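The primary structure of each chain is shown beneath.
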Amino acid sequence: MKFTYYGHACFSVDVAGNTLLFDPFITPNPLASSIEADKIPADYILVSHGHADHVADVVSIAQRTGATVIAPFEVGDWFEKKGVKNVQAMNHGGADETKFGRVKLTAAIHSSSMPDGTYGGNPCGFVVESTDGNFYYSGDSALTLDMKLIQEQTQLRFAVLPVGDFFTMGVDDALRAAEFVGTNKIVGVHYDTFPPIKLDRDAALKAARRVGTELLLPKIGESIEV
Ligand code: NI
Ligand code: MN
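Nothing here was measured: the structure is a model prediction, and the numbers come from that model. Every chain begins its residue count from 1, and numbering advances along the sequence as written. To read the labels, note that chains go from A and ligands from 1, taken in the order they are written. Given that this is a predicted model, residues contribute local features only at a pLDDT of at least 70 and side-chain atom pairs are listed and counted only at 80 or more, while totals for whole chains, interfaces and linings are drawn from all residues. Excluding hydrogens and water, the side-chain values take into account all heavy atoms of the structure.

A. Main features of the coordination of the manganese ion (ligand 2). In the first shell of the manganese ion (ligand 2), the protein supplies Asp-53 (OD), His-54 (NE2), Asp-140 (OD) and His-190 (NE2), at 2.1 to 2.2 Å from the metal. Donor atoms are limited to N, O and S found within 2.8 Å of the metal ion, a distance that becomes 3.2 Å for Na, K and Ca. With water left out, some sites might look partial. Counting the intervening residues between successive donors of the manganese ion (ligand 2) yields the motif D-H-x85-D-x49-H. Between the manganese ion (ligand 2) and the nickel ion (ligand 1), a separation of 3.1 Å is found, and both are coordinated by Asp-140. With a gap of 136 residues between them, His-54 in helix H1 (residues 52-55) and His-190 in the loop between strand E12 (185-189) and helix H6 (201-210) connect regions that are remote in the sequence. Numbering goes from the N terminus for both helices and strands, where a helix is a DSSP run of H or I of at least four residues and a strand is a run of E of at least two.

Encoded structure:
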């Protein structure tokens, strides 16, 4: 599967002929100034929670592409009120068969409110299952034992996990999360964007090597095969 990193926790994965874009936060991110948000392709936009650093470019990209926005119920409802036409507002534990395969909303330990202060419900993660393979994006989350349930149900090719610490898991907890969900391949996100989440790259890669986990940290704008 082709994975493209757009900075912070924004990335896309090409799944069964569809481009799934996650948590678009591009125009306000100075580190992603090389990315043109108005050119990014998307068939689906998956949004983990309402915080500004995950939703900033959802409306404009959804309006341009006609992508379906998949989000927790309150987040989806807010986008509908903002004029997004195709919204699939789901809730935790719920799954759906889509054009790209199956998507399920998982629990995340974090918080969620919309940029204007509207209640954003509970934050989520996503398990995506497809004929191309399966993966998990935790969204902003702490390490939680619930992640072990994912391993019981789905064999993952890789997991996308925050590694920046402070607002979410740091590297050590992300490595444990990978173990909980049953994969040894992580793409790290949610780091470097703000001063408290600056990542010590060498230390992170070293920690991953120590436990035999592959930690991928693609450059902003880079595409990799996962
Ligand atoms: Ni957040
Ligand atoms: Mn965040």
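B. Geometry of the coordination of the nickel ion (ligand 1). At this site the nickel ion (ligand 1) is bound by His-49 (NE2), His-51 (ND1), His-110 (NE2) and Asp-140 (OD), with donor distances of 2.2 to 2.4 Å. Geometry assignment treats four donors as tetrahedral when all angles are between 85 and 135 degrees, treats four as square planar and six as octahedral when opposite donors are over 155 degrees apart and all others between 65 and 115, and treats everything else as irregular. Around the nickel ion (ligand 1), the 4 donor atoms are arranged such that angles at the metal cover 85 to 180°; this shape is classified as irregular. One chain supplies every donor for the nickel ion (ligand 1), spaced along it as H-x1-H-x58-H-x29-D.

C. Broad picture of helix H2 (residues 58-65). Burial classification: accessible surface area is computed with a 1.4 Å probe over protein chains only, and a residue below 20% of its type maximum counts as buried, one above 50% as exposed, and the rest as partly exposed. For H2, the full list of buried residues reads Val-58, Ile-61 and Ala-62. Taken end-on, H2 shows its buried residues confined to a sector of 100°, consistent with a single buried face. Residue contacts are counted whenever heavy atoms from the two residues lie within 4.5 Å of one another. Residues of H2 that are buried in the fold lie against strand E3 (18-22), strand E4 (44-46), H1, strand E5 (68-72) and helix H3 (73-81). The arc in question is traced by the directions running from the helix axis to the C-beta atoms.

D. Representation of the packing of aromatic side chains in the model. We call Phe, Tyr and Trp rings a pair once their centres come within 6.5 Å, taking the six-membered ring for Trp, and we label the pair stacked below 30 degrees between planes, edge-to-face above 60, and tilted otherwise. In total, this model carries 12 aromatic pairs according to the counting rule given. Relative to Phe-22, the ring of Phe-11 lies with its centre 4.5 Å away and its plane at 10°, an arrangement referred to as stacked. Linking Phe-11 in strand E2 (residues 11-15) with Phe-22 in strand E3, this pair joins segments that are 11 residues apart in sequence. With respect to class, Phe-11 is no different from Phe-22; both count as buried. Ring centres 5.6 Å apart and planes at 80° place the aromatic pair Phe-22 and Tyr-137 in the edge-to-face group. Placement of Phe-22 in strand E3 and of Tyr-137 in strand E10 (residues 133-137) is noted, with a sequence separation of 115 residues between them. For the pair Phe-22 and Tyr-137, one class covers both residues: buried. Taken together, the ring pairs in this structure connect Phe-3, Phe-11, Phe-22, Phe-126, Phe-135, Tyr-137 and Phe-158 into an aromatic cluster.

By themselves, these figures tell us nothing about what the structure is for.
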